[in-house]
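Architecture and fold: a report
Below, each chain spelled out in residue letters.
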Amino acid sequence: MSQHLMQTYARQPVAFVRGEGVWLYDENGDKYLDAVAGVAVAGLGHGHPVLAQALCEQAGQLIHTSNLYRIPKQEALADRLCALSGMDRAFFCNSGAEANEAAIKLARLFGHNKGIDNPAIVVMEKSFHGRTLATLSATGNRKVQAGFEPLVSGFVRVPFGDAEAVARLAAHHNNIVAVLVEPYQGEGGVQIPEAGYLDRLRAICDDNGWLLMLDEVQTGIGRTGKWFAFQHSQCLPDVMTLAKGLGSGVPVGACLARGAAAEVFTPGKHGSTFGGNPFACTAALTTLEVMAKDGLLDNAREVGAFIVETLKKELGQVAGVREVRGQGLIIGIELDRPCGDLVMMALAEKLLINVTSDNVVRLIPPLVMTRDEAALLTDKLAALIWAFLN
Ligand SMILES: *Cc1c(COP(=O)(O)O)cnc(C)c1O
């Protein structure tokens, strides 16, 4: 292992050299079932031939110009994302944290334009918004923040899932400009709020003139069985951020906005050298095209429901298993104890899983996973969890 990498990750001792669908192959040719998908990134699975072909062609034509010029593929991607989401305008960047930075800047500028010179954004406990200074400050996890103080100010925190806690803030703060929330928390342990939560937040934001900003970096692009998780509710956000699944592994993020929020940024207020270049936009456009053509939203819903149902059957009565929950292909199995060791146990069985929030096994496989592959996954995982708890 090279001594020349900064020690930001405790890496598993395996390197993959090739992939096909939900399968990854290591340097020895051993085959692993991938229920992580590069952390909810590889929705089309690995080595998708249509994506590979589109990227090869684009790389040969033109990889990068600059946002100093028009970029037709970026315009097409903005049109497509707005058509799918009901939003009006898009800003393109290169990661989830950057997309949220754009949203935070947008909300602050929105406030300043209204004469609020110390704007505050409501954020949630157990949230995750990224690793840059502003986004780690918005994040509701002390482990992410510790050592990086002074944090960026201007965030007010309430419990996730409690819309009335947000409503109560209006009485005590006259500087709130926005609510930033994940529709379902991913890093926070696959937390799914009660039905109606987003709709209630929408109403509270409308009552107070606040922006509803959804971090769909993990839940967007089909992960939950709809294009965007907010589409399980009745409302539209003012701002939505995307990244992970958008480019199938080619770095691309987006901050979309609607209505007044879409008019906040004017030339010079924000930018990105790489953001929305022809190569990245080809990756995103092709991802969206293949997802629609191959019915991956329906597949995520069906296969996700099968996994949850099967794991509930196999683990529901097992002591130590608190809950199996999910929506589409983001699934959490909450145990009553820390279970990070399960990751290495699974690796030994040639299965890639992730543990988040200490005690939640998170499954975020490629959206192309078939029912048979899902059955393999549930068989292996149920046995592993049973062995871990006994
Ligand atoms: C992963 C994630 C981010 C950060 O994305 P990066 O691309 O790692 O910067 C932000 N928000 C949510 C909800 C995420 O899951």
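This text gives an overview of the structure that appears in the document. Sequence order sets the numbering: in each chain, residues are counted from 1 along the sequence as written. A pLDDT threshold of at least 70 governs which residues receive local features in this predicted model, and a stricter bar of 80 or more applies before side-chain atom pairs are shown or counted, although totals over entire chains, interfaces and linings include all residues. In computing side-chain values, all of the structure's heavy atoms are included and hydrogens and water are not.

**As for the packing of aromatic side chains**
Geometry of an aromatic ring pair is reported as the spacing of the ring centres plus the angle between the planes. Classification of ring pairs uses Phe, Tyr and Trp, with its six-membered ring standing for Trp, and accepts pairs whose centres are within 6.5 Å; under 30 degrees between planes counts as stacked, over 60 as edge-to-face, and the remaining range as tilted. Inspection of every chain in the model, using the stated rule, returns 3 aromatic pairs. Note on F16 and Y32: the rings are 5.1 Å apart at their centroids and 80° apart in plane angle, and the pair reads as edge-to-face. Placement of F16 in strand β1 (residues 16-20) and of Y32 in strand β3 (residues 31-34) is noted, with a sequence separation of 16 residues between them. Consider the rings of F160 and Y197, whose centres lie 5.5 Å apart with planes at 75°: the pair is edge-to-face. Residue F160 is located in the loop between β6 (155-158) and α7 (163-172), and its partner Y197 is located in helix α8 (residues 197-208); the two are separated by 37 residues in the primary sequence. Under the scheme used here, helices are H or I runs from DSSP no shorter than 4 residues and strands are E runs no shorter than 2 residues, and both carry numbers assigned from the N terminus.

**Overview of the site of the ligand**
A single heavy atom is enough: if one lies within 4 Å of a molecule or strand, its residue is considered near that molecule or strand. Every residue lining the ligand is accounted for by S95, G96, A97, N100, F128, H129, G130, E182, D215, V217, Q218 and K244. Using a 1.4 Å probe, accessible areas were evaluated by the Shrake-Rupley method; residue-level cover was limited to the displayed protein chains. When the ligand sits alone it has 390 Å² of accessible area, and the protein chains cover 81% of it. Per-element tally for the shell around the ligand: the top contributor is helix α4 (residues 96-113), with 3 residues. Following the grouping adopted for this structure description, the nonpolar residues are Ala, Val, Leu, Ile, Met, Phe, Trp, Tyr, Cys and Pro, the charged ones are Asp, Glu, Lys and Arg, and the polar ones are all others, Gly among them. Of the residues contributing to the shell around the ligand, the split by class is 3 nonpolar, 6 polar and 3 charged.

**As for the environment of N359**
By secondary structure assignment, the location of N359 is in the loop between β14 (354-356) and β15 (360-363). When the C-alpha positions of N359 and R322 are compared, they lie 9.9 Å apart, and in sequence the two are 37 residues distant. What makes two residues a contact is simply this: any of their non-hydrogen atoms within 4.5 Å. Apart from the residues lying within four places of it in its own chain, the contact partners of N359 are R322, I333, E334, L335, R337, P338 and C339.

**As for the environment of Q12**
Looking at the secondary structure, you find Q12 in the segment before β1. Partly exposed describes any residue whose relative accessible area lies between the buried limit of under 20% and the exposed limit of over 50%, with all areas from a 1.4 Å probe on protein chains only and scaled to the type maximum. The exposure class assigned to Q12 is partly exposed, which follows from its relative accessible area of 34%. Apart from residues lying up to four places away in sequence, Q12 is in contact with V343, M344 and L347.

**Points about the sheet that holds β15**
Pairing between sheet strands relies on hydrogen bonds along the backbone, with the strands arranged either parallel or antiparallel. One open sheet holds the 4 strands; their spatial order is β11-β12-β15-β14, and the pairing between them is antiparallel. The two strands at the open ends of the sheet, each matched to only one other strand, are β11 (321-327) and β14. Across this sheet, the average inter-strand angle for adjacent strands is 25°, counted without regard to direction. When DSSP finds two or more bridges between two strands, those strands count as paired. Every axis corresponds to a line fitted to the C-alpha atoms, with the helix fit spanning only the stretch in contact, and the corresponding angles, defined between N-to-C directions, vary from 0 to 180 degrees.

**A closer look at the packing of α7 against α8**
Two elements in contact, α7 and α8, have axes whose closest approach is 9 Å; the angle formed by their N-to-C orientations is 10°. Between α7 and α8, the angle falls in the class roughly parallel. Two secondary-structure elements touch here, α7 through A163, E164, V166, A167 and A170 and α8 through Y197, R200, L201, I204 and N208. Along the lines of polarity and charge, the residues of the contact of α7 with α8 split into 7 nonpolar, 1 polar and 2 charged. What sets the label is the angle itself: under 35 degrees gives roughly parallel, over 145 gives roughly antiparallel, 65 to 115 gives roughly perpendicular, and the rest give oblique.

**Some thoughts on the nonpolar core**
Among the buried residues, those of types Ala, Val, Leu, Ile, Met, Phe, Trp, Tyr and Cys that are joined through side-chain atoms within 4.5 Å form a nonpolar core. With 91 residues, the main nonpolar core has L81, V181, I307, I333, V361, L363 and I385 as its most contacted residues. Looking at this core element by element, the count peaks at 9 residues for helix α10 (residues 296-315). Setting aside chain neighbours within four positions, we find I307 in contact with L329, I331, L363, M369, A374, L377 and T378. Grouped together as the second largest cluster of nonpolar side chains are 27 residues, I121, V123, V177 and C255 included.

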